[in-house]
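Residues per chain are reported as follows:
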Amino acid sequence: MLVYDKSYDVIVVGAGHAGCEAALAAARMGALTALFTINVDNVAHMSCNPAIGGLAKGNIVKDIDALGGEMGKNIDETGIQFRVLNMKKGPAVRSSRAQADKDLYKLRMQRVIMEQSGLDLKQGMVESLSIENGEINGIIADTGMLYRAKKVVLCTGTFLKGLIHIGDCNYPAGRMNEFASVGMSDSLTKAGFHLERLKTGTPARLDVNTIDFSKLDAQHGDEFAKPFSFETESISLPQLPCYVTYTNEKTHQIIRDNMHRSPLYGGVIKGIGPRYCPSIEDKVKKFPDKTRHQIFLEPEGLTSREYYANGFSSSLPIDVQIAMYRTVEGLENVEFVRPAYAIEYDFIQPTGLYSTLETKLVKGLYFAGQLNGTSGYEEAAAQGLVAGINAALAIGGNEPFIVGREQSYIGVMIDDLVNKGVDEPYRMFTSRAEYRLQLREDNAEYRLTDKGYELGLISKARYERFCLERQAKDDDIARLKSVRITPSVEVLGVLAQYGGVLRNPVSAFELLKRPEYDYSTIEKLCGSSANERVREQVEINAKYEGYIERQENEIEKFRKTESVKIPDNIEYEGIIGLRREYIDKLKTIRPATLGQAARIKGMTPAAVALLHVHISKIKNSGGTDA
């Protein structure tokens, strides 16, 4: 066998959103890294929607940025419409979203990767893993070359035995016009991994010259674009609108008449699709009482002549697709540049992973992205970041990086995956987080940047800026708590402008808690030198002080269960009264803490209590399982 003359610390397979973050993190932490991809022209390619962020997903991107990842910076430099969703609601559920120029997005990420020291970008199909005595030692490319590595991160996306469906036509592909990876699936099976199938889909891409925009409602971005990265000062690209239209009864009738031709409902597609991002035939089938479904037409770039029909994915035959699209207002004469399609692919249940995303079966092998049953660029990128960090840490024998579900949406996602597994493509929602008031977009740096700096992913200049900002927030809160506002004529005049009154002296901080006032009101009364981000933090801390304190108490209780470690050598069969089904779950997941055990799907409080008692007995007997 040919052996490459350079040995790597970390090899990352796949240069999608997960692979890019994994490779950059490992290299920036000092690990000699190689990133393999089938086509170097498609690094960070947006194979589905041309956008980053959205509800809860925007929080993930902010968390990635606060740890030193690249996704936030990349969308800031290539975004063509920025919006903060749920602005009329509380800060816990606000989330940023941005349309991207998809070509600029991947070009910038490719440039960043190729300029990163200690990181080699290589084009080639990785056919198999090289494993010795249960430990990874490299990968084998389609050229027959063995590339040695101490750690390997697999970020294979939808490429593992990918199969595209357009009606009764199907063919192997990782995505349209790209090769599927068959060898890697076989290699994983040979190594003992059990592969399952998932399905996702994408809508048609429409020729801009054939859309009648005069019939459509324009949806513009925010007047003042708010960046994703805490390091970005301003957005530079021109901003474009999206457009809104709807399906109708004619659309739905065409779909109903041709449902028998759908590979999804004809039994051809075996993989499970995403419940929260269904195809149009799914929507019509499952919601027969709905007379219309919303469609967003999104530009794919500043110079692109294609529009993405968000909400209109399908696996129906091409003739049916054309007919149903042309029933939609504004699309009566539309032409396709690319048809809609569904894709099936292999994945592995993430219950076979540790919280570091290292596999339990093969030492030194990490999985990230859709291989773990997730959907979305943001979820993939976050996993890639964590896997890359842990691969680099493990090389030096350092303690792993495990982010808790009380610290970040990244922690919520990984904890859900490794404890519960998936029965459909996993998508992040704010409702999945118990402590979402603490996991806001605006405070991501406060939660994670200390750790990012410790890992070497945050520059000294950025960290010093953040520390000064954090101190300024604390100082301003202390200042406002010490300033007394009395009901003078001047004060009452200012408050009257906001429909408020004041009868007794209060601190400026207490006044800021009142819903009719914001920071600008307080500034008129007692001045301020704080910047915009500090002002935002001070105002949120004032208005939600009681809720934040309550959640901090809940987090403290949560951490107590997380602090109860489960011995590595525990014999679950020896726990008196524990039923076989719970023993099997515990042996399969191998939770590290009592809290993790409690979150295993199907575990009962009674079973967890028995486990807790047994752990206490082990500790009291000297730390060995009897």
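Above this text is the structure in question.
These numbers were taken from a predicted model, which means no experiment stands behind them. (Residues numbered from 1 in each chain as written. Predicted model: local features only at pLDDT ≥ 70, side-chain atom pairs only at ≥ 80, totals over all residues. Heavy atoms only, no water.)

(A) Here's a closer look at the packing of helix α2 (residues 57–67) against helix α11 (residues 444–455). One can describe the packing of α2 onto α11 by two numbers: an axis separation of 7 Å at closest approach and a directional angle of 35°. The handedness of the crossing between α2 and α11 comes out as right-handed. Here α2 contributes K62, D63, A66 and L67 to the contact with α11, which in turn contributes A444, E445, R447, L448, T449, K451 and G452. Along the lines of polarity and charge, the residues of the contact of α2 with α11 split into four nonpolar, two polar and five charged. (Axes fitted to C-alpha atoms, helices over the stretch in contact; angles between N-to-C directions. Helix = DSSP H or I, 4+ residues; strand = E, 2+ residues; numbered from the N terminus. Left-handed = near helix turned anticlockwise from the far one by under 90°. Contact = heavy atoms within 4.5 Å. Nonpolar A, V, L, I, M, F, W, Y, C, P; charged D, E, K, R; others polar.)

(B) Representation of the nonpolar core. One finds I11, V152, L154 and L188 to be the most contacted residues of the largest nonpolar core, which totals 101 residues. Of the residues forming this core, the biggest block, eleven residues, is contributed by helix α9 (residues 377–395). In terms of domain composition, this core takes at least three residues from each of domain 1 (2–76 + 102–200 + 345–454) and domain 2 (205–343). With residues near it in sequence (within four places) discarded, L154 still touches V13, L129, M184, L188, L365, Y366, F367, A368 and L371. Counting residues in hydrophobic clusters, the runner-up holds 24 residues, among them A204, V208, M259 and F312. (Core = buried A, V, L, I, M, F, W, Y, C linked by side-chain atoms within 4.5 Å. Buried < 20%, exposed > 50% of the residue type's maximum accessible area, 1.4 Å probe, protein only. Domains from an automatic or database assignment.)

(C) Inspection of the side chain of K122 at higher detail. Relative to the helices and strands, K122 resides in strand β7 (residues 119–123). The side chain of K122 is buried and forms no salt bridge, while D120, the nearest opposite charge, is found at 4.7 Å. With residues up to four places along the chain from it excluded, the contact list for K122 reads Y4, Y8, L35, F36, T37, V40 and Y147. (Lys, Arg positive; Asp, Glu negative; His and termini not counted. Salt bridge = Lys/Arg side-chain N within 4 Å of Asp/Glu carboxyl O.)

(D) Layout of the state of the cysteines. This structure, assessed with the given rule, holds zero disulfides. Looking at the unpaired C20, the closest cysteine sulfur is the one in C155, lying at 9.0 Å. (Disulfide = S-S within 2.5 Å.)

(E) Representation of the pairing of strand β17 (residues 294–299). Where strand β16 (residues 242–246) meets β17, four bridges bridge the pair, whose relative direction is antiparallel. Its bridge partner lying in β17, T245 is registered against I295. The antiparallel pairing of β17 with strand β18 (residues 306–310) creates a hairpin that spans six residues between the two strands. (Pairing = 2+ DSSP bridges.)

(F) Local environment of the sheet that holds strand β6 (residues 95–100). Here we have three strands laid out as an open sheet, ordered β4-β6-β5, and antiparallel in their pairing. Two strands close off the open sheet at either side, each with one partner strand: β4 (51–53) and β5 (79–85). Within this sheet the neighbouring strands show an average axis-to-axis angle of 15°, counted without direction. The pairing of β4 with β6 spans three bridges and is classified as antiparallel. Each residue of the ladder has a partner; that of I52, found in β6, is A98. In the packing of α2 onto the sheet, the strands contacted are β4 and β6, and the crossing angle to β6 comes to about 85°.

(G) The arrangement of the pattern of salt bridges in detail. Applying the stated criterion across every chain, the model contains 49 salt bridges. When the shortest N-O distance is used, the salt bridge between E332 and K215 registers 3.2 Å. In this pair, E332 is assigned in the loop between α8 (318–325) and β19 (336–338) and K215 in the loop between β14 (205–207) and β15 (217–219), connecting sequence segments 117 residues apart. Residue E332 is classed as partly exposed on the basis of its relative accessible area, which comes to 29%. For K215, a relative accessible area of 40% puts it in the partly exposed group. Note that K587 and E573 form a salt bridge whose closest N and O atoms lie 2.7 Å from each other. Of this pair, K587 sits in helix α18 (residues 580–589) while E573 sits in the loop between α17 (545–562) and α18, and the two are 14 residues apart along the sequence. You can call E573 partly exposed: its relative accessible area is 38%.

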